[in-house]
Amino acid sequence: MATTMHLDMGEIENEPVRPKIKDAKGILQQNREFLDFFWDIAKPEQDIRLKAIENLIQYLKKSEKSDELKYTLKRLVDGLAHTREAARPGFSLALGQVLSVFEEVSLRTAFDQIKEKHNLVTVKKVSISVSNFQCEPQVVLECVQLLQSLSLHREHLRDLPRKTMVDILSETSEEVFEEVLLGALQTDLSSAFSTPEQLQLLLVAMQKFPQVLKPKKLKKLLGTSTIITMDNIPKLTEVLKMAARSVKKDRLLPAVALDLLQISLKEDNFELFWRETIIKGMLKDQPGPTHYLSYRLLGSALPLLTLVQLKQVLNGEVMRAYGEHVVSAQLPDRFKFAPEMETYVGDFLQGCDEPEKQLAVVVAFSLLTNQGYPVVPSFWRVVQHLRPTALQSYVDWLKDMFLNPQLESCLDFSTRRQKENQEGGVQRENCIFRLRKWIIPRLTSIVENNQVKREEDLVMDVARFVFFHAFFNAKKATPDIPETEATLSVPLDEKTRVVVINSFFGLLQHMNHLPLLGDSPEVAARNQRHVQGVTGDGSMWIYCLVQYADSLLNQPKYAQSTQPFSPEQRRTWDSMLASVRTLMKKSKKGQTPETSAFQQLFLLVGIHLFKAPEDLVDLMQDLQNCMEKAQEKKSKKKATEEEPHWAEVVVDILLSLLSQPSRHIRHVCRTVFSNICPHVTARALTAILDVLDPDKDEEDSAVVVTDDQDSDKIKKKDIKKKGEEDEGEIEEEQSDASDDDSEEGEDEAMEEGGEVDQNFRIELMKVLQNQGALATEQDGSDDDELDDEAMMKLDGSIAALFLEQKKKMQAKKDEKDKLKKEKTLVRDFKIKVLDLVEVFLARQGSSPLVLGMVEPLLSVIESGMSSESDQQEQDFLRKAADIFKNQLCRAKQYCKTVGDRQGELHDLLEKLMTKAQKLSDSSVSLYFFSASLYLVKVLRGGVPGASLRFMGNVDVERVSDIFKGALRSFMTRRKSPLSGLMFIDLFTRFPVLCVNLLETAVEHITIGIREHQQSQATAMVLRGLQSREVQQLLAGDPWAGLLQKAVGQVAASLETVVETAKNKVVQEKLVKALELGLFLVKNVNQQKLSVTLEPLKKVLQSMREVLGFKKTGQMEDTYWAVMKHFGVIKPKRDKIRKTKEDKAELTAPKKKKGFLPETKKRKNRKKQLPVSEKGAADANTVPLGKPEEGKKKRNKNKKQPGEETPGQGLAKKAKMTQSAIKQKKKKQQGGRE
C-alpha cells in the first residue's frame, strides 16, 4: 500500500540545476504511447489519472526494458514537485504503485533520488510516496526523521507531516515499529498531550501495536499507564478543543476524537471520558466548534456503545444541548446541525442488527422535547431503516406515550426566551398537548412513508388507534376492541381532538393511494398494474375502517362516541352499510363503473358522518335514492320531467362534498365523476357550469360559506390554514415571540384605519370640552390647569373612548378578513369544480354536451382577465384557460355529429365572432376566435377520405361572410383586438374558407388602414397561396386570376413603400411584400402561367435606384432573390483598400454631437468688452455664434495656454473615455515641455 503526503513549504531557495535525463530522448522517440502515460497522470481529472497509472503499470509489466523503468522512476520523482497541484497526487500515487509492484526498485534508490532531486527543507511543494516498509526499515526511519524535521514548518504544512507519520504507522509491522521507529518517535509519543496530531500518533500506535505499548511502557512515556485518567482530563479537553477549532471550516469529526473515544471504551473509562471531557469540558464553552464536535462524537459513538451506554449518553447533557441548538437554529442564516445528525442516526439504524438498540435510539430522540414537543420532525425518514420488530415496538411506545404521557421521562428543556416569556413556569397541560400533537402525525407518517417496511396489520393498527381516539372514548375494556384496554391517563381536550381528527382524514387520503404491501411476486405483479387503496384480499382500506366503526357503534357498553348519533343518523349509517354490502355482492358478479362509484360515495359519506353528521344525513338519503334509480331497469323507468335524473342528483352531491376542504373528498369526487360521465345529462352539466358562472359569484359564495360556517370547528380551522386540506401534517410551533406579535397586531389594527374618523374626532372634542381640558373662546385664559381628580376623570373618559374606537376598528378588520376568507373559499371551490369539467372533457370529449361548455368557459376567462390578480385568481384563470385550449379546442376527440343543432351552432359562431371584435383585450379575443374555429370543426365533422371541398354541416356562405366581416373589421379599425395570426390559423385549418377570404385579403394589401394591417394582409395572402389544398381548389383560371390580382396589389404596395422605407413598420411591410412577390414570380415562372409580371418588375427596378440594396439583410436578400427570377444578378462589390489620405478625409469632417450647427447659432452682435493688458495676450475673441460671457461671473482661475473653454471641455469630457482624456493630458504636457 502506498502512502502519500503533500507538503507546502517556503519559497524555493537556491534550487540546484537538475541534471539532464540520459537517453530520455531516445526512449520517447521509440514509443509515443509510453510518453502519453505521464501526460495523463498530470491531468486534473481523477479518472484519467487513475486509468493512466493502471495502464503504466501494465505497460511496464509487459515491457522488459530496464531503461524504461529507470526513466519512469526519474519522471515520477520529478513529478512530485509539479507546479500543478492536481498533478502531484497523481505522480505520488504512481510512484507508490511502481515501488510496490516492482521489487527490483529499492526504496533506498527512490528515496535517494528524491533527496537528490528535491531540497525538502526549502522546496515549496513536494509529494513523497513511501512503500515497502518491511523490506527496508532503515529508509522508513529516515522518512520519519525527515517528517519530524518538516513538522517544525507548521505554518506552511499544517498537520500534513504528522498525518503522514500516522499513515506510516498503519502500514508498519510490529517488529519494525519496535526495533526502528519507537526510538525515533520517543519524543512525539511522550508529548502526546500537546497537539491533536501527536495524540493521534500515540492512539494509532496503541491500537496497532498493543503488545509494544503496554501499560508499563505508557507509564514510562506519559507517567500514567492509561490515557483516560482524571489527571489527563484537562489535557485531553484542551487537545480536543484545538482539534475542534482546526476543523471549523471543514465541518467534520477529527480522527483524534474518534480514536480517543475508542481508547476510552477499550480502557473501560468511557463514562469518565464522556462526563469529564465532553460534558464538563467541551460543553462549557459557548455554542460553536466544541459543541459541534460533541454532537458529531455522539453520532459517531452510536455503533460503538452498548445498550446501557446508549441510554446513558442519549439521556444526558449533550442531547439537551443538541436540542437547544435545533430550536435556536430554526432562525434564518443559522448553521443547522440537524441534517448531519439525521445522517448519523440513519447510518446507525441501517447498519445495526439489534432491534433493542434501534428502539433505544429512536425513543431517545423522540424524548428530546422542547416544552413537551420533540425536536425531531414528525416525518423522520430514519424510521425506514428500523427492523420490523423494532418498528412495531416503536409504534407501541408511541401509542403508550399518547395514552399515558410520561413527561418525567422526557429530556425536556426551554430556551432562554421561553423562560423570559413564561414567568409562571411551563404548564403540564400544555406540554401534554404539545407531545400528543406530535405523536399522532408521527404515527401516521409511518404509514404514509412508502420506504418503511410495514405490514397490513401495522397499518390497520395505526388507523384503528387514530380513528378510535378521534371519535370515541373507552368506557370498559374488552378483548374484542384492543383500543379500550388502555385508558387515557389525561383526557383529550378539544384542541388535541381536532389534531387527531385532522390526522385521521390525512391518513385516510394516503391509505386510499396505498399500494399493496408485501414482498411476494404476486404483490409486485399487482403493483405494476397500479392497484391502490386495497388490502391483500381486495377489500378497500376505507371499508375496513367502516366495519371497525360499525363494531364500535354496536358495542356502546365498551366504546362511547364523542358525538353520539341520533336515531335518524344511526338509521342513515345502517342503511349505508346495507347499500355497500349490496353493491359488493353485485360487484362480485361483474364490476361496473356505476357500482364502483356508488360504493366509494357511500363509504366516503359514511366515514364523514362522524365528522359532520347533521350535514350529511340528507346527502346520504339522496344518494340512496340515486342508487335505486340507477339500478332500475329501463322498462320500469317512469321518470317525469319534474323528477331529476339520478346522475344529476349525484352531481349535486359531488358539488356539495367538494365544498368541504378535504383532499380525500376531492380525489374521491373526481374518481366517482369519472365513472358516471357516460350518464351525465345536460342539466347535470349545467349545474357544474353554473358554479363557474362569474355572474352568480355572490349567490354561490353565500351558499358555500354558509355550509362551512355551519359545520364544526375543524372545518373552520382548515379553511384558515389551507383552504382545502383538513388532514395535512401539524405545523411546527410558532416563534417564541408570539406575545410581541399579538401586541404588534393590535397596533397595526389601529393603524389600518388610515385617516382619523371625523366622528371619533368630534367625540374626543366633546370629552375634552366637558372636562374643561379644551380652551374655548369664552375662556379668558388657557393657563388654568386641572386638578388631580379632574385629570384622573379625564383619563378614564379618554381611555373609554379610545377603547370603543379600537373595538370598532377591530370589527371592521374582522369583517374585511371574513370577506377575504369567503372569497378565497369560493375561488378554491371553483378550482375543484374545474376538475369535474376536465374529467368530463377527457372522458366524453365527443359528446354533444361538450358544446354547452364553450360559452361558460369563455365567460370565466373573460372575467378572470379583468379581475384582481392575486395568486389564487391566477391559478384559477390559468387552469380554466388550459382546459379550454387543450382539453376542448385542441382535443383529438370532439363532437362530430350535431344533429339538428346546425342553426344553433351557426348563431353561436356569429355571436362569438361579433363579441371577439368588440373586446378590448386581444388575449381574450384569441380565445373567442379559437372557440369559433372549434365550432367550425364541429360543424364540418370528420369523414375519412372526404374531398377537399367537404365541409359537412357548415353553411359555407354564411360562415365565410362572418369571417369576411371580421377580416374587414381588422383591416379597417386602428385598434382591433383581432390579429393576423388568428386568420392565418383559419387559412391553415380550413382551406375552403381560405379560398373565399383570399380576395378580401388581397384587396387590403393596399387599402388597409395602417401599414401594419397591410403587412398582415400580405402575410395572410402568402400563407393562403402556399397551401397545397388552396392551390388544388383554385386550379386553372381562378388560380391565375388570383395571382394576377396579387401581383398588381404587391406592385402598388411597393410603390408606396419607396419613400418611407426607413420606418420600422414600413420596413416590415416591405419585407412581407417582397416575400409575397418572390412566391408569385417563382410560381408564375415554374407553372408558366399567363400572368403579367411587368408592373412588379418596374417597381422593383425603381426601388433599386432609390434604396440601393447594397447591404446584407433579410430585406436585401429577398429583393435580390426576386430580381434573380427577372434575370438581374446582385452585383459584386470590389473591396478597395482605403489609403491614409482617404481615411483622413473621412474622419476630418466628423461632426461633434451635442452642438448646434453654425447656421443655427445666434450671432453675437455686441462688442466685446476690453480686456486688461495683463490678460490681453491670453484673451481670445468670442467665436462667431458663441454667447458672450461678459454678463457671467468670470472664472477666477486664469485660462492656461492650450486649454479649452469650460463649455467645450465639459461637452468633450462627456463624450470621451477615460483613456482618451489621459492621452490628451499627456499630449498637452508634452507640448508645454
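This text gives an overview of the structure that appears in the document. A quick note: this is a predicted structure, and the numbers were derived from the prediction, not measured. (Residues numbered from 1 in each chain as written. Predicted model: local features only at pLDDT ≥ 70, side-chain atom pairs only at ≥ 80, totals over all residues. Heavy atoms only, no water.)

Given a rise of 1.5 Å per residue, 12 residues ought to cover 16 Å, and the 17 Å separating the end C-alpha atoms of helix H15 (residues 255-266) matches this to within 8%. Those residues of H15 that sit buried are Val256, Ala257, Asp259, Leu260, Leu261, Ile263 and Ser264. Where H15 is buried, its residues meet helix H12 (196-208), helix H14 (233-246), helix H16 (270-279) and helix H17 (289-301). Directly beyond the C-terminal end of H15, a positive phi value near 60 degrees is found at aspartate 268. (Helix = DSSP H or I, 4+ residues; strand = E, 2+ residues; numbered from the N terminus. Expected span 1.5 Å × (residues − 1). Buried < 20%, exposed > 50% of the residue type's maximum accessible area, 1.4 Å probe, protein only. Contact = heavy atoms within 4.5 Å.)

Moving on, we get to the packing of aromatic side chains. Aromatic rings considered in pairs are described by the distance between their centres and by the relative angle of their planes. On inspection of all chains with the given rule, the structure shows 35 aromatic pairs. Consider the rings of phenylalanine 565 and phenylalanine 610, whose centres lie 5.1 Å apart with planes at 35 degrees: the pair is tilted. Separated by 45 residues along the polypeptide, phenylalanine 565 in the loop between strand E7 (559-561) and helix H29 (567-589) and phenylalanine 610 in the loop between helix H30 (593-608) and helix H31 (613-631) bring together distant segments of the chain. The same class applies to phenylalanine 565 and to phenylalanine 610, which are both buried. Put simply, the rings of Phe467, Phe468, Phe471, Phe472, Phe504, Phe505, Tyr548, Phe565, Trp573 and Phe610 pair up and form one aromatic cluster. Directly above the aromatic system of tyrosine 894 lies the positively charged group of lysine 896, at a separation of 5.3 Å from the ring centroid. (Phe/Tyr/Trp six-rings, centres within 6.5 Å; stacked < 30°, edge-to-face > 60°. Lys NZ or Arg CZ within 6 Å of the ring centre and 35° of its normal.)

Read from one edge to the other, the open sheet built from three strands follows the order E4-E3-E5, with strand pairing classed as mixed. Edge positions in the sheet fall to strand E4 (373-374) and strand E5 (411-413), since each has one partner strand and no second. (Pairing = 2+ DSSP bridges.)

What follows deals with the environment of valine 531. Mapping valine 531 onto the fold places it in the loop between helix H27 (521-528) and helix H28 (541-553). A C-alpha to C-alpha distance of 6.2 Å links valine 531 and proline 515, two positions 16 residues apart in sequence. Ignoring sequence-local partners within four residues, the contact set of valine 531 consists of Leu514, Pro515, Leu516 and Arg526.

This part takes up the nonpolar core. Counting 291 residues, the largest nonpolar core has Ile227, Phe673 and Phe963 as its most contacted members. Residues within four places of isoleucine 227 in sequence aside, it is in contact with Phe193, Leu202, Leu203, Met206, Leu222, Asn232, Leu236, Leu260, Ile263 and Glu267. Among the nonpolar cores identified, the runner-up in size contains 27 residues, and Phe37, Ile53, Leu56 and Leu69 belong to it. (Core = buried A, V, L, I, M, F, W, Y, C linked by side-chain atoms within 4.5 Å.)

Scanning the model with the defined rule gives 27 salt bridges in all. Note that aspartate 40 is salt-bridged to lysine 43, the shortest N-O span being 3.3 Å. The exposure class of aspartate 40 is partly exposed, given its relative accessible area of 23%. Residue classification places lysine 43 among the partly exposed residues on the basis of a relative accessible area of 32%. With a shortest N-O distance of 3.1 Å, aspartate 875 and arginine 878 are connected by a salt bridge. On the criterion of helical spacing, the pair formed by aspartate 875 and arginine 878 is a turn pair, its members being three residues apart in helix H41 (residues 871-889). With relative accessibility at 33%, the residue aspartate 875 sits in the partly exposed group. Here the salt bridges do not stand alone but share partners, grouping Arg666, Arg670, Asp835 and Lys879 into one network. (Salt bridge = Lys/Arg side-chain N within 4 Å of Asp/Glu carboxyl O.)

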